[in-house]
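Given next are the chains, with one letter for each unit.
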Amino acid sequence: MLNKSFKLLIGLLIVFSFSSLLAADLTKEQINQVLQEAYTKYKGDVGGKNADYIKALDIVDPDIFGITMVDKNGNVYEIGNTKQLVSIQSISKVFTAALVMSEKGSKFVQEKIGVNATGAAFNSIIAIEQHGGSASNPFVNAGAIQSTSWVSAKDSQERWRKISANMSAYAGRNLKLNKDVYDSEVNDNKRNQAISKLLDAYGRMGSDPLEATTVYTKQCSMNVSSHDLAVMASTIANHGVNPVTKSRVIAAKYTPKIMAIMATAGLYDNAGDWLYDTGAPAKSGVGGGIIAIVPGEFGIAVVSPPLDTYGNSVRAQLAIKYIINKLHLNPYAQ
Ligand code: GLN
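For clarity, every value in this text was computed on a predicted model and none was experimentally measured.

## Topic: the site of the ligand
Consideration 1: Residues in contact with the ligand, as listed here, are Tyr53, Gln89, Ser90, Phe122, Asn141, Glu185, Asn192, Tyr216, Cys220, Tyr268, Gly285 and Val286.
Consideration 2: The contact in question runs from a nitrogen atom of the ligand to an N or O atom on the side chain of Gln89, over 2.6 Å.
Consideration 3: Here an oxygen atom of the ligand and a backbone polar atom of Val286 are 2.8 Å apart.
Consideration 4: Notes on the ligand: free accessible area 290 Å², of which the protein chains cover 99%.
Consideration 5: Counted by class, the shell around the ligand contains six nonpolar, five polar and one charged residues.

Quick look at the structure:
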């Protein structure tokens, strides 16, 4: 009898000490301490360069550096310029693909857009040709313009209203358009227009290709901060319920699918290296933001405009890698 309870006690102790290593058991002090370390370590890093193929992005302050983490209970941890707004750019692709998934199902996204890596740059045209007229996934420009076109809407206005309301629900506040970025990009998006026409020729678009490209450009021009992005990421981490507003934004059955595409293609042709280093599904944007997800636990976001040659923020990658490894948050290590 005594022997039995002794074994039970040992068992409980083992379970308890193991679970104390898990993310949920981190203290607020530990998290804040590691954010502070990441901020101090990388604040002076001068690697990378602002995107300049969109003129309005070239003039954004390269020193902006904000780090935010939101846990599954809606607690916020942050440091730096966390309220500073930048355009969301490609991170918007995650939320519009999620909207299409909600409306049309995960099979539709897999079959009509694809969920495989391209191994090519985010704006590649040759990748479409090499893959038989397919975008391959919703996180390269081709697949993202396709997602925008597949949002059910009677016209362009309704498509935009739905896409912006959807992103706002993930952020838990009404996101606003960055008019300067939109004006500069909408006159400069010839390559995306060409991509949309090519996809249309392959029968892959759900609406007029140029109309979809304009709405896509607008969704990329939404203003967000690292704070907003972390709330958005934490909604995916938290099985589709925004942990701050407590509203359900997407069915729980879709969040693993979204994270799978983020793991495969979130950092484009550098996604493999990223996953190898962090294990975390993530998505970058040329505005300088990156979101990363610790499933069931945290959304992490960093904003810092200078990018590497893949179009991924240099400081954001460094900071998120540091945080994930220092706090033992790599999902494959749990
Ligand atoms: N709006 C940008 C484009 O279409 C988004 C690219 C990105 O963030 N990778 O080129």
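Structure's up, so let's keep going.
## Describing the packing of helix α2 (residues 28–42) against helix α15 (residues 314–326)
Consideration 1: With their axes 9 Å apart at the nearest point, α2 and α15 run at an angle of 145° to one another. You can see that α2 and α15 cross each other, and the crossing is right-handed. Between α2, through Val34, Leu35, Glu37, Ala38, Lys41 and Tyr42, and α15, the contact on the second element is made entirely by Arg315, Leu318, Ala319, Tyr322, Ile323 and Lys326.
Consideration 2: When the residues that make up the contact of α2 with α15 are grouped by side-chain class, the tally is eight nonpolar, no polar and four charged.

## What about unusual backbone geometry?
Consideration 1: Positive phi outside glycine occurs at Gln89, with the angle close to 50°.
Consideration 2: Here Gln89 is to be found in the loop between β3 (86–87) and α4 (92–104).
Consideration 3: Looking at Gln89, the relative accessible area reads 2%, which means it is buried.
Consideration 4: Located in the positive-phi region is Lys246, a residue other than glycine, with phi close to 70°.
Consideration 5: Here Lys246 shows up in the loop between α12 (226–237) and α13 (255–265).
Consideration 6: You can call Lys246 exposed: its relative accessible area is 55%.

## Side note on the pattern of salt bridges
Consideration 1: The tally for this structure, following the rule as stated, stands at eleven salt bridges.
Consideration 2: Put simply, Asp52 and Lys49 hold a salt bridge, and the shortest N to O gap is 3.0 Å.
Consideration 3: Owing to a relative accessible area of 42%, Asp52 belongs among the partly exposed residues under this scheme.
Consideration 4: Exposure remark for Lys49: the relative accessible area of 52% places this residue in the exposed category.
Consideration 5: Lys83 is the partner of Glu78 in a salt bridge, and the nearest nitrogen-oxygen pair spans 3.5 Å.
Consideration 6: Relative accessible area serves as the criterion here: at 56%, Lys83 is assigned to the exposed category.

Criteria and cut-off values
- Residues numbered from 1 in each chain as written.
- Predicted model: local features only at pLDDT ≥ 70, side-chain atom pairs only at ≥ 80, totals over all residues.
- Heavy atoms only, no water.
- Near = heavy atom within 4 Å.
- Polar contact = N/O pair within 3.5 Å; in protein donor to acceptor, adjacent residues only side chain to side chain.
- Areas by Shrake-Rupley, 256 points an atom, 1.4 Å probe, with all protein chains shown as cover.
- Nonpolar A, V, L, I, M, F, W, Y, C, P; charged D, E, K, R; others polar.
- Axes fitted to C-alpha atoms, helices over the stretch in contact; angles between N-to-C directions.
- Helix = DSSP H or I, 4+ residues; strand = E, 2+ residues; numbered from the N terminus.
- Left-handed = near helix turned anticlockwise from the far one by under 90°.
- Contact = heavy atoms within 4.5 Å.
- Buried < 20%, exposed > 50% of the residue type's maximum accessible area, 1.4 Å probe, protein only.
- Salt bridge = Lys/Arg side-chain N within 4 Å of Asp/Glu carboxyl O.

Taken by themselves, the reported measurements are silent on function.
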